[in-house]
Amino acid sequence: MLQRAEPQEFDRVLSSMCTVPHPAARDAAERFLATNPGDPGTYETVAELEAEAVDYLGEVTGLSDPAGYVASGGTEANVQAVRIARNRADTDDPNVVAPVHAHFSFTKAADVLGVELRTAPAEDYRVNLAAMAELIDDDTVCVVGVAGSTEYGYVDPIPDIAALAHEADALCHVDAAWGGFYLPFTDHDWHFGHAEVDTMTIDPHKVGQAAVPAGGLLARDETLLDELAVETPYLESTSQLTLTGTRSGAGVASAVAAMEALWPAGYREQYERSMANADWLADQLRARGHDVVDPELPLVAADLSVPMTDELRDRGWRVSKTGAGEMRVVCMPHVNRSMLRSFVADLDWY
Ligand SMILES: *Cc1c(COP(=O)(O)O)cnc(C)c1O
């Protein structure tokens, strides 16, 4: 089986938040496959690379002295951010307040950490601040904003969310897992330099074009990460703050390679190309009479009927749906104009 199996081609994939890794990232992943940054005393080179990855991520997110690490993905980073907030707070009944469109990893975080998840409704695809404020109380340990939502690619009002968090003496966590490598080239206020953000998720293995697994957890202050540290008697290092133990040096090295190659000019070009593609697709769909959610980042949602997306799937297209049943096209780096032209041509065929 394995000898005949080929990895999925990306040439009709419009649904994924992952993409073709940059060639330098692929190469670095292969070279560092057999390293374990979970044991930095033994695997020193990859530990140094991880520090470099965190420095790059700090540059991307407006943080001059960043603390953090390369996680297995956005899920781990979100779980860990909630864990920091819970451990730091002084309550027996902690809750996290997040927008209704927060990624499902917060449901997992709440479950494994024994924290209540309260979700605030959205208005025009961004969190309703008044409703969010209503949900916050003395037991709130973390207030979450999403910078580039998974379903619509919209950005919550991060400075307002940070203000709500700090009024309640809670942490503000920003989830920029997907949007983080597009947002530096927009005029959104979303990062550590724009607001009193405490922790952030930003994934090199999505728009960052690193190989999977490479997520990112960042903290404004090293002391926040101390909330995660456990002692590690049998390793050469004395404590560990990651959720996973043994983890992939491939992800760490490929994250550095991708950011070295692309930050900032390459990512800027990518943003401009992908955003132009999203705007083009939105126009094409509108011209065909569909209701389109105006794209804020390179992600297009439109009210095509559900049977139609099934037909498209039969023709090899991989498109996904929002919870509300709209067709969702994620304009990742591998999604180019000619792909979108043939996609639209297939739409016209029906
Ligand atoms: C993809 C995504 C996640 C989860 O990241 P994984 O790398 O799949 O674990 C979290 N938040 C947002 C906004 C995402 O788009």
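Residues numbered from 1 in each chain as written. Predicted model: local features only at pLDDT ≥ 70, side-chain atom pairs only at ≥ 80, totals over all residues. Heavy atoms only, no water.

Caption draft 1: Representation of the packing of aromatic side chains within the structure. Tallied over the entire structure, the rule returns eight aromatic pairs. With centroids separated by 5.6 Å and ring planes inclined at 75°, the aromatic side chains of tryptophan 178 and tyrosine 182 adopt a geometry described as edge-to-face. When sorted by exposure, tryptophan 178 lands in the same class as tyrosine 182, which is buried. One aromatic cluster is present, formed by Trp178, Tyr182, Phe185, Trp263 and Tyr271 through successive ring pairs. (Phe/Tyr/Trp six-rings, centres within 6.5 Å; stacked < 30°, edge-to-face > 60°. Buried < 20%, exposed > 50% of the residue type's maximum accessible area, 1.4 Å probe, protein only.)

Caption draft 2: Region of the structure containing the pairing of strand β2 (residues 95-99). Most of β2 sits out of view: five of its five residues are buried. Sheet analysis places β2 next to strand β3 (residues 116-120), joined by five bridges and oriented parallel. Looking at the pairing, alanine 98 lines up with threonine 119 of β3. Viewed along the sheet, the connection from β2 through helix α4 (residues 105-113) into β3 turns out right-handed. Sheet topology note: the β2/strand β6 (residues 140-146) ladder contains three bridges and is parallel. Across the sheet, residue asparagine 95 finds its bridge partner in β6, namely threonine 140. (Helix = DSSP H or I, 4+ residues; strand = E, 2+ residues; numbered from the N terminus. Pairing = 2+ DSSP bridges. Right-handed = clockwise from strand over helix to strand, strands pointing away.)

Caption draft 3: Expanded view of the packing of helix α3 (residues 74-88) against α4. α4 packs onto α3 with a crossing angle of 45° between their chain directions and a minimal axis gap of 9 Å. For the element pair α3 / α4, the angle class is oblique. When the axes of α3 and α4 are compared, the crossing they make is right-handed. Within the contact between the two elements, α3 uses Thr75, Asn78, Val79, Val82, Arg83 and Arg86 and α4 uses Ser105, Phe106, Lys108, Ala109, Val112 and Leu113. Residues that form the contact of α3 with α4 fall into these classes: six nonpolar, three polar and three charged. (Axes fitted to C-alpha atoms, helices over the stretch in contact; angles between N-to-C directions. Parallel < 35°, antiparallel > 145°, perpendicular 65-115°, else oblique. Left-handed = near helix turned anticlockwise from the far one by under 90°. Contact = heavy atoms within 4.5 Å. Nonpolar A, V, L, I, M, F, W, Y, C, P; charged D, E, K, R; others polar.)

Functional significance is not addressed by these values, which are geometric in nature.
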